[in-house]
Structures are given as structure tokens and as C-alpha cells.
Amino acid sequence: MTRYLLGRAGQALLVLWATFTAAFVLLQALPGDALLIKFQNPELGLSPEQIADIRVSYGADTSLVTQYLHALGNFVTLDWGYSIQADVPVSQQLATNIPPTLRLAVLGLALAVVLAVGIAVLANLSPFRWLRSLLESLPALFISVPVFWLGIMLIQLFSFRLKLIPVINPGFWEGLILPVLTLAVPISAPLAQVLLRSIDDVRTQPFVTVARARGAGDAWVLTRHIGRNAVLPTLTIAGILLGELIGGAAITEIVFGLNGIGQMTESAVRSQDAPVLQAVVMLSAVVFVLVNLVVDLLYPVLDPRLKSKVSV
Amino acid sequence: MAACGGSDGTSPATTAAGSASAPGTPVTGGTLTYLDSAAHTNLYPPSGGFYPNGGILNQITDKLTYQNPETLEIEPWIAESWTVNDDLTQYTFVIRPGVTFSDGTALDAQAVADNYDTFGLGNPDLKQPVSEVFNNYDHSEVQDASTVTFFFKKPSPGFLQGTATIGAGLVSAATLARPYEELGSATNIIGSGPFTVTGETLGKQIDLKVREDYNWAPPSAAHQGRAYLDGITLIVAAEDSVRIGSLLAGQADAIRQVEAYDEPQITGAGLALLRASTRGVNDSIAIRPDNPLVADLRVRQALLKATDSAEVVSTLLSDNYPQATSVLAKDAPGYVDLADKLTFDPDGAKALLDEAGWVPGADGIRVKDGKPLVLSIYHTYVQPQNKQVLQLVSEQWAKVGVKLEVLPGDAGSVAADNLDPAKTPLLVAMVGRADPDVIKSGFYPKNRDWLLQVGGSSTLVQSYTDTELNGLLEAQTAEVDPAKRLEIIGDIQNHVLDQALLIPIFEEPQIFAAGTYVNGLEFEAVGRPSFYDTWLSER
């Protein structure tokens, strides 16, 4: 187990280094750069000589290799530099923006799971065929609703028309209700679909027939036998969902004017703010690596048959 | 009411605005919730040209002088008085006693000198760039605690007005000592203004609190002493619908940037729509003659004639955006009415293109030497409805056989391509400043260099240079006689249109909206809000 963990950790570090390098190269390859975008800004009215001086002061005239080593060295020592566009330390930006995004993502995912499980369970327990089809068609509807549209509609309805929840200066929990809902709806769709599908698959397995033969009812079979087994494939798509979650959170943050990693990334992309983008890419890489690691480690816990393979 | 609309008083929305002219005795207290459409960037004062930056700096910093937004006269503020030598190379200011920055340090002659040396010369060690508004600055000399003299290499008639601009906001020594890359944090900006920054959530919100001991407003301000408001909560709300909806639902008190199509929502609900002129070069399309397609004067003139700016205004904008009648807005200093040179004349355009050898091809696009007359331009996200405006212009040009491609673009490509006349023969241009120097800011190669001349901002220019224009621009910056200076400004406008270097489309104001209970919301000379006189009555 220890060797397995060490191996995985080594792999993770390699992935992170490769990500850093790829991000650096790609950012360099883009036309223009953050310094150009910022100081070529007509509002500043700087002369070309002045812009050239500024570039030198930022070290933009040194060789790419030097810049890369410098950036990598700084990164490893957790000196993430300054956002070129906003002129605040990147670490400070992250500190401001990570907690709200985490809050939004965790609550959004939790609500999405509740929605997905709710849809799947209700569809399976439904005594009526029409209700089952209706519930089963919900994911298709949910996934086709654009996040920004949903957000704006919720704001218009609950905040501006019904005046139930303010968007400007809301209370802590008040401010989370609509964004979490906005985020959860599209995320719940793939979850519900996979869950519905795998419940159907598991239902045909021999052990279910055995359980039924012993006289178990629908609800009993679903919760005790099918549910546990149907969760595995659902868990596998967690990694994919993470991408959805990040994308959805970004749009949600922008629509609701929340601060968070999403809106920070959006503005950094617009201005090619390399230090911020490097940090964001690395942050996402770390999260992806960790989530996949956790999922891999959870598999044997949920499915004892996989345990032997792991401990070799 | 001050600053809303032109000095000619013809702006329709101004009269509709009930807020600032509402009767009643000002009430002290309350917090104003103000929504901006974008987060601020760097708050180094010379970066105040970006509207969200100016919106903050105007509340927390004071200027040496005050430009009366109604008369455009320069009045005393932190400087009680000043003298200027005959050739406008030495300006001496007497500083008002008793003014302090919010960190307690004195705003004396030394502090002013330190600020101006930084803005005028830049500070390479701290990466602080030179200010656009200070031309020919040489150095400062502190005479005594309350007297400072500035010296210039050449006459600098625009300097006095420059001391009144947002970009010349005075900050404490502690702020000047910070490297440029730390000046994005609003809490690091210490000024002497009526409000101070007490809190900041990066990219999202800034909390301003009134300075109780503030007692140095410009003498012509509506009141003296502390500001009426206890504080201002400035929130970034990028979504248009969220800003408008919040105001209509009473969650916000004032908002910046109301698009023309949203104006009826505001006026329909009985709220105040406020128009603040930017008094500079109109919203325009600049043409880069270095690109061979537009090197021929007749082609440029044809583009000018093919543009129906009246249709742009009536189709996409509102009465708040008057059709351009010159390079400069009507209420800009030095404006001359050149509407005759801007008449829409598609037949004339066709004739000029024929004459220049561009003949209609099979698909209607004109061709010469096997090359089609296809031009491209990047639309901006800053100018009002810029994409739609350019698309309409594209339709207008298509009627005379010119294809205009309106390109979106990431900031990197746009910044890089806009420096290459071969890739971008056209550029969206606009700049606001209530001084004749504004025209130099746009055209001069060492400034914004809209036309892309040799020796300017781009190394990719092959040969284009306009010595006559540059000569006029230099002459006006150094002209000592104000009347003569305005005369040269007139010559420049004539030259730019005669050479068809710019296609002015409309005057670009800033449009704000506020609740009817928001009183005394004022704007400085180029449309940044000032909350010093603002007060809230019963809702």
C-alpha cells in the first residue's frame, strides 16, 4: 500500500511539473502578453520608449529559459508573484477567491447529488409509467439549460420581482441560495443519468434476482443492493464533473457578481495575466490529481473485489 | 446641474434627471451602494483614465486645482493660488495650509513636489510610469513649506488643466514609496480626499468611509466640511441586467454604464438618468494610411462619405449620444463645427472609389490590381455597443462596395495586431479630457499614436508620417496665447478631416442612473462621479 501511495504521489508530481511547463509554453506562445496588453492600454498614453523600459523592469527582455527557470523556482518556493492586470499579489487573490469558490462548489455538488439521487430513486420507485418517464427526462432538460440563463432568470424572479433575496449585499447564507441552485441543476444532470442507467444495469444482475426471490421489496432492493453497486460508475465521472463544476462555478460567479476563482480566471484570461493563469492552472491540476487519487482509493473500499489488486 | 450634459445645455437626459436638482436640505448620514460594471485595475493616479479607477480615485484623492465642470475654468483647490511665467515654462503654486492625508501626514509643498516628480518623470525603480497629461516636465523646486515651483523644458500650456485631472490626484509619501505592482490594492492608496478606503474584497467590493475632519473642498463646491454620506459601498456587477435590476429593485442606489437600450427601463420607472460628457475626441474610427488599401486619400474620403453616423445614432443609440459634428465633442475646448465635412454621401463615395481605380467585382466588393477592398477592425468592449455600431457601419460601407470585417479578439491578439497597420487598417478611437491637449493624446506618435506613424508606438510601420499634423500638435502644446492655441486646435480638426484620417461617429458620454432619493450626484469635467456633495433623502 505504501509503495502504491508513493508511486501515485510521484506520478502526481510529474503531472504537476508537466502541467506547469505546458502552461508556461502555451502562455508564451500566445500573441501579445499581459505587459503589452496592460501598458499598451490607451488610457495610459505611454510612449513606446516608456513601455520598453517597463518591459525591462519586469524582466521580459531576458531569455525564455531564464524566465522559465525563474518562474518555476518562484513557484516551488510559493512566491507566486503579482497579478499583472490587478497589481495585487497572486497569493492574496487566491486567498480571497478560493474559499467562496470552494463553498459554492461543495454546496453545489451536494445539492446536485441530492437532486440526482432524488430523481433516480423517485423514478425507480414510481408506480406510474408516465411519472417515471417524466423524471427520467429531467436530466436532459437540466443539461440543456445554459447556466448563465438560469442564473439571470433566478435573479430576475426571486430577487428583482419577488424581492425575496437581494443580489447586492446579501447575507452570508442568503447570498448562497441562488448561486448554489444555479450551479447544482446542470451538474445534477449527468449524475442522474449515470445513476439511472447503472441502476438499470445492476437490476439485471443475478444477485438482485436472488434478493427478490427471498421476498425483498422494491425499496429494500434499491437501497440495500442496487444502490451501493450503482454508485461506482457514478463516482467514476466525478473527475469529469469537476470540470463541469469549475466551468459552472465560473459562470455562476460572473452572473451573480461573486468573487471566486472562476471570475478571477475569466478576467485573467481576458488580459493574459500569466502569473495568475499559471497559478490557476496549477491549482486545477492539484485538485484534479487529488480527486482522481481519492476516487482510486475509494474504489476498493466500495468494491471488495478490487482490494487484492491494490495490495499487490 | 453640474457636468451633466454639455455647456450648451441641450442634452435631453440632463433635464430628465431629477436627482441632483431635487429640492431640500442635505441630510448627513447613510451609505450609498454604487455599482460599477468593471473592477478597478491599478490605482496609481495617472492610471485614473480607466473609468472604474477614476470612480474610486475621485473620492479618495484631491487635486492641486479644480476644473469647474460647468465653466471648465481652473479654480483653486489644494493650491490657493498660482503664478505662471510668460512663456509657460514655470508654474508656482501656493499650497493651502492644514491639509492632511488620511494617514496623518501633511499635504505640503514637499508632498506636492514628490507627487509631481513621480507623475512627470516616472519612477523606474518602482516601475511607476509617466503621466500622459504632463508634457515637457523637467523638475520641481520647493521654495518653502507652502510654495512649490514646477519647471518645464518647453512651454506647457496644458499643465494647469493637467493639475485638475484625475491622473494628478495627490497621494501620501507612503503610497508613492510602494512599487507600481502594489498599487492595485485600494487599501494602499492614501489620499487627502473626502473618503478613505476601509475595506476591499479583491475584484468585488470596496468600502469607503467619510473623513470626518475633511475641510478643504474646492471653494466653489456646493458645501464645505465633511461629505454628507457616511460611506460608499462600491460593488462590481458586470452583468448589465443585474445592475439595472438591482437599481430598479432598490438594492442599489446608483449605477454606472446604462446602455442605450436600457435607458427606457430607467426613465420608465421614474429613476434619474444622468449623462456626463467626456469632452474629448468623439467615438470614431481612425484610419492607418500606412496600410496600402487606405493609403490613397480618395479611398479614405470615400469611407468617410459612406459612413452614415446619423443612422448609427438613431438605430443603436439614444438622444444622449449626439451625432458627431467634428473630431471633438461640442462641449470640448477648441471645438469647431465641421458638420459640412461629415455629410453622408454614398454617391460621392462611389465616385471617389471609381476615380481611385477600385471597380466593383462580381460579389459587389471593389477590386483593384486583383485585390479586393476588404478592411478589418477589432471591436472593443469599452465603447458603447461598439460591435453593433461597427456592424452597421459595415452594412453602410457594403453599399459602396467596401467590405468591413468586424473582428472579436482576445486582448493579446488585439494589443499585438493593433500595432500592425498591415493587419489593422482601422482602429476604434476615443479619448476624454477637458483640455485641448486631448487631441494630441490621440494622434501624436509619442502618445496614443492612433494613426500609427513612423517613430511611434509600432516598429511595423513602413513609411507613413504626417509632418504637418505633428507640427500642429506640437505647436498647440507649446502655444502660450490661449486664443492662438484654440485656433491651432481648429486647424488640427480641419486637417484630420480633410485628410480623412478619422471618421467621427458620435459623442460618447458616460451614462449613470440613480434612485430619485439620491441627491447631489455630481461629475467632474470628464464624467467621473463625485460623491462629495451627494446625500440621501427619505426613500
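Below, the structure is looked at part by part. (Residues numbered from 1 in each chain as written. Chains lettered and ligands numbered in written order. Predicted model: local features only at pLDDT ≥ 70, side-chain atom pairs only at ≥ 80, totals over all residues. Heavy atoms only, no water.)

Attention now goes to the side chain of Asp420 of chain B. With respect to the helices and strands, Asp420 of chain B occurs in the loop between helix H12 (411-417) and strand S19 (426-431). In contact with Asp420 of chain B, other than residues within four places in its own chain, are Leu452 and Leu460 of chain B. (Helix = DSSP H or I, 4+ residues; strand = E, 2+ residues; numbered from the N terminus. Contact = heavy atoms within 4.5 Å.)

Moving on to the interface of chain B and chain A. On the chain A side, the residues contacting the 46 residues of chain B number 46 residues. Three residues stand out in chain B for area buried against chain A, namely Glu181, Leu202 and Gln251 of chain B, and they jointly supply 17% of the buried area on that side. At the junction of chain B and chain A, the tally comes to 0 salt bridges. Of all the elements in the fold, those that place two or more residues in the side of chain B that touches chain A are strand S1 (31-36), strand S10 (231-236), helix H6 (240-248) and H12 of chain B. The leading source of residues in the side of chain B that touches chain A is H12 of chain B, at 5 residues. (Buried area = accessible area lost by both parts, 1.4 Å probe. Salt bridge = Lys/Arg side-chain N within 4 Å of Asp/Glu carboxyl O.)

Burial analysis of helix H2 (residues 51-60) of chain B places 10 of its 10 residues in the buried class, which makes it a mostly covered element. Among the residues making up H2 of chain B, those that are buried are Tyr51, Pro52, Asn53, Gly54, Gly55, Ile56, Leu57, Asn58, Gln59 and Ile60 of chain B. (Buried < 20%, exposed > 50% of the residue type's maximum accessible area, 1.4 Å probe, protein only.)

Once that is clear, we can look at the packing of helix H9 (residues 206-213) of chain A against helix H10 (residues 218-236) of chain A. Residue and element names in this part refer to chain A. Running from N to C, H9 and H10 cross one another at 155°; their axes reach a closest spacing of 10 Å. The angle between the axes of H9 and H10 places the two elements in the roughly antiparallel class. Between H9 and H10 the crossing geometry is right-handed. Of the residues in H10, those in contact with Phe207, Val208, Ala211 and Arg212 of H9 are Asp218, Val221, His225, Ile226 and Asn229. (Axes fitted to C-alpha atoms, helices over the stretch in contact; angles between N-to-C directions. Parallel < 35°, antiparallel > 145°, perpendicular 65-115°, else oblique. Left-handed = near helix turned anticlockwise from the far one by under 90°.)

Here we come to the nonpolar core. Core analysis: the biggest nonpolar cluster contains 125 residues, and Val312, Leu375, Trp397, Phe443, Trp450, Ile492 and Leu502 of chain B have the highest contact counts within it. Residue contributions to this core peak at 14 residues, all from helix H8 (residues 174-203) of chain A. Look past the residues within four positions of Leu375 of chain B in its chain and what remains in contact with it is Leu293, Val294, Leu303, Trp397, Val402, Lys403, Leu404, Glu405, Pro425 and Leu426 of chain B. Counting 77 residues, the second-largest nonpolar core is a separate cluster that includes Tyr44, Ile78, Leu107 and Ile189 of chain B. (Core = buried A, V, L, I, M, F, W, Y, C linked by side-chain atoms within 4.5 Å.)

Attention now goes to the pattern of salt bridges. Residues and elements named next belong to chain B. Across all of its chains, the model carries 23 salt bridges over all chains by this definition. One salt bridge connects Asp36 with Arg256, and the closest N-O pair in it is separated by 2.8 Å. Here Asp36 is found in strand S1, whereas its partner Arg256 is found in strand S11 (residues 254-256), with 220 residues between them in sequence. Relative accessible area serves as the criterion here: at 6%, Arg256 is assigned to the buried category. Its salt-bridge partner being Asp354, residue Arg366 comes within 2.7 Å of it at the nearest N-O pair. Placement of Arg366 in strand S15 (residues 366-368) and of Asp354 in helix H10 (residues 346-355) is noted, with a sequence separation of 12 residues between them. Because the salt bridges share partners, they merge into one network encompassing Arg433, Asp435, Asp437 and Arg485.

Before going further, it helps to examine the environment of Gly217 of chain A. Positionally, Gly217 of chain A belongs in the loop between H9 and H10. Counting along the chain gives 42 residues from Gly217 of chain A to Gly175 of chain A, while the straight-line C-alpha distance between them is 42 Å.

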